[in-house]
Amino acid sequence: MRAPRCVAYAALAVAALVAVPARADKPLWEFGLGLGVLSFNDYRGADTTHVYALPLPYFIYRGTLFKADREGVRSLLFNQDRVELNLSVNATTPVRNDSARAGMPDLRSTLEIGPQLQVHLWRSTDARVKLDLRVPVRAAFTVQADPRYVGLFVAPNISLDIAQLRGEDGWKLGLLAGPLFANQRYDAYFYTVAPQYATATRAAYDAPGGYAGAQVLAALTRRFPSYWIGAYVRHDTLSGASFADSPLVKRDSYWSAGVGIAWIIKQSTQMVVSEE
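Please read these numbers as outputs of a predicted model, since none were measured by experiment.

> What should I look at first to understand the overall build of the chain in this one?
Of regular secondary structure, the chain possesses 2 helices and 15 strands. As presented, the chain carries roughly 12600 Å² of accessible surface, and 63% of it is formed by carbon and sulfur atoms.

In structure tokens, the structure reads:
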């Protein structure tokens, strides 16, 4: 969803974005653990692809003022019928030994975190279909002993969630599409080529920031009594991106995918009324 995207991992969490209102008594919290297998490019525009096997945590908390569920992590201090303010989290993998970056410093993993404005545009009468506008704004930091600020990333999108049945039973399909934007500092981290790293086949380049392409994602999930499964596929395009002329961009279009399973290990004995 931007530069090196280990949030393909978060796409399995995007997989978990498909929830349907249905008032019922459910555990206050649930905890599980599983495994996710993800395949994606080292960074957006790279011509190298890796497959990662990663632990996949599963956690749901249905509190009054704070929730962590298939809608993400959010505070209900600002939660109206039409608008919510949530927390958006993303991450990227480190980039090492990439041929396009030969002789350049390796890229560290980054953690992105920030608010997400969510506007409920439409709900079907049976609460099985919903259309939302989501606008996450995240600040990125390198993952190291002394974290370094990388820049800002914005990914507004329209999401359509469709459930086979009300509640947790049945398959749930999530569709998401939208443009991507980043400031100059963010794009520079991934796409700038400083003069000292210029070669005969790699010209110096200063990434400008701005429009960063677009993405489309589809996710399919289902919650069973003792486990959860999910899968996603995502297409990214860099056509028209402000940094498309960077010599580090080798592909302007690519696909990524992932699948995961998590077993429910423990549930709260305390029950609460939930519209999940």
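> When you look at the pairing of strand β12 (residues 210-223) in this model, what are you seeing that I'm missing?
In terms of strand pairing, strand β11 (residues 172-182) meets β12 through 10 bridges, oriented antiparallel. The partner of K172 across the bridge, within β12, is T221. Counting the residues that bridge the hairpin from β12 to strand β13 (residues 227-237) gives 3 residues.

> Which parts of the structure should I look at to understand the environment of L175?
Relative to the assigned elements, L175 resides in strand β11. The spacing of L175 and L217 is 42 residues in sequence and 5.8 Å in space, taken between C-alpha atoms.

> Got a minute to help me understand the pairing of strand β10 (residues 157-163) in this structure?
Side-chain direction in a regular strand flips from residue to residue, so the side chains alternate between the two faces of the sheet. The alternating pattern of β10 places N157, S159, D161 and A163 on a buried face, while none of I158, L160 and I162, on the opposite face, is buried. By the bridge criterion, 6 bridges tie strand β8 (residues 129-142) to β10 in an arrangement that is antiparallel. Counterpart to V129 in the pairing with β10 is I162. Summarising the sheet, β10 and β11 pair through 6 bridges and their orientation is antiparallel. Directly across from D161, in β11, lies its bridge partner G174.

> Got a minute to help me understand the side chain of T192 in this structure?
Along the chain, T192 turns up in the loop between α2 (184-191) and β12. A polar contact is formed between the side chain of T192 and the backbone nitrogen of A207, at a distance of 3.0 Å. T192 has contacts with M104, D187, Y205, D206, A207 and L248, leaving out every residue within four places of it along the chain.

> Even after reading the chapter, I still don't get the packing of aromatic side chains, so can you show me in this structure?
Where two aromatic rings form a pair, the distance of their centres and the angle of their planes describe that pair. For the structure on display, the rule yields 11 aromatic pairs. Judged by centre distance (5.3 Å) and plane angle (20°), the ring pair of F40 and Y52 falls under stacked. Here F40 is found in strand β2 (residues 29-41), whereas its partner Y52 is found in strand β3 (residues 49-62), with 12 residues between them in sequence. Judged by centre distance (6.3 Å) and plane angle (40°), the rings of Y58 and W228 are tilted.

> What should I look at first to understand unusual backbone geometry in this one?
One non-glycine residue with positive phi stands out, namely N97, at about 60°. The exposure class of N97 is exposed, given its relative accessible area of 76%.

> What am I meant to see in α2 here?
Owing to its 3.6 residues per turn, the α-helix aligns residues three or four sequence positions apart on the same side. Among the residues of α2, those classed as buried are Y186, D187, Y189, F190 and Y191. Taken around the axis of α2, the buried residues stretch over an arc of 160°, which confines them to a single face. Buried positions along α2 lie against β7 (110-123), β8, β9 (149-154), β11 and β12.

> Help me understand the environment of W228, please; the structure alone is not making it clear to me.
Mapped onto the elements of the fold, W228 is located in strand β13. The buried category is assigned to W228, whose relative accessible area is 4%. Taking the C-alpha atoms as reference, W228 lies 7.5 Å from I264; in sequence the two are 36 residues apart.

> Hey, could you run me through the environment of D132 in this one?
Here D132 is to be found in strand β8. The buried category is assigned to D132, whose relative accessible area is 0%. Of note is the side chain of D132, whose polar atom sits 2.9 Å from the side chain of Q118.

> I would appreciate a short explanation of a nonpolar patch on the surface in the present structure.
A cluster of nonpolar side chains, namely L87, V89, L111, I113, F141 and V143, defines an oily patch on the protein surface of about 470 Å² accessible area. Those elements giving two or more residues to the nonpolar patch turn out to be β6 (83-92) and β7. Examined against the element boundaries, V143 turns out to sit in the loop between β8 and β9. Classification of V143 by relative accessible area gives partly exposed; the value is 48%.

> What is the right way to look at the side chain of S124 in this model?
When you line up the elements, S124 lands in the loop between β7 and β8. Polar side-chain contacts of S124 include one of 3.2 Å to the backbone nitrogen of R128.

Cut-off values and rules
Residues numbered from 1 in each chain as written. Predicted model: local features only at pLDDT ≥ 70, side-chain atom pairs only at ≥ 80, totals over all residues. Heavy atoms only, no water. Helix = DSSP H or I, 4+ residues; strand = E, 2+ residues; numbered from the N terminus. Areas by Shrake-Rupley, 256 points an atom, 1.4 Å probe, with all protein chains shown as cover. Pairing = 2+ DSSP bridges. Buried < 20%, exposed > 50% of the residue type's maximum accessible area, 1.4 Å probe, protein only. Polar contact = N/O pair within 3.5 Å; in protein donor to acceptor, adjacent residues only side chain to side chain. Contact = heavy atoms within 4.5 Å. Phe/Tyr/Trp six-rings, centres within 6.5 Å; stacked < 30°, edge-to-face > 60°. Arc of directions from axis to C-beta. Patch = residues over 30% accessible without salt bridge, like charges linked within 9 Å, V, L, I, M, F, W, Y side chains within 5 Å. Salt bridge = Lys/Arg side-chain N within 4 Å of Asp/Glu carboxyl O.

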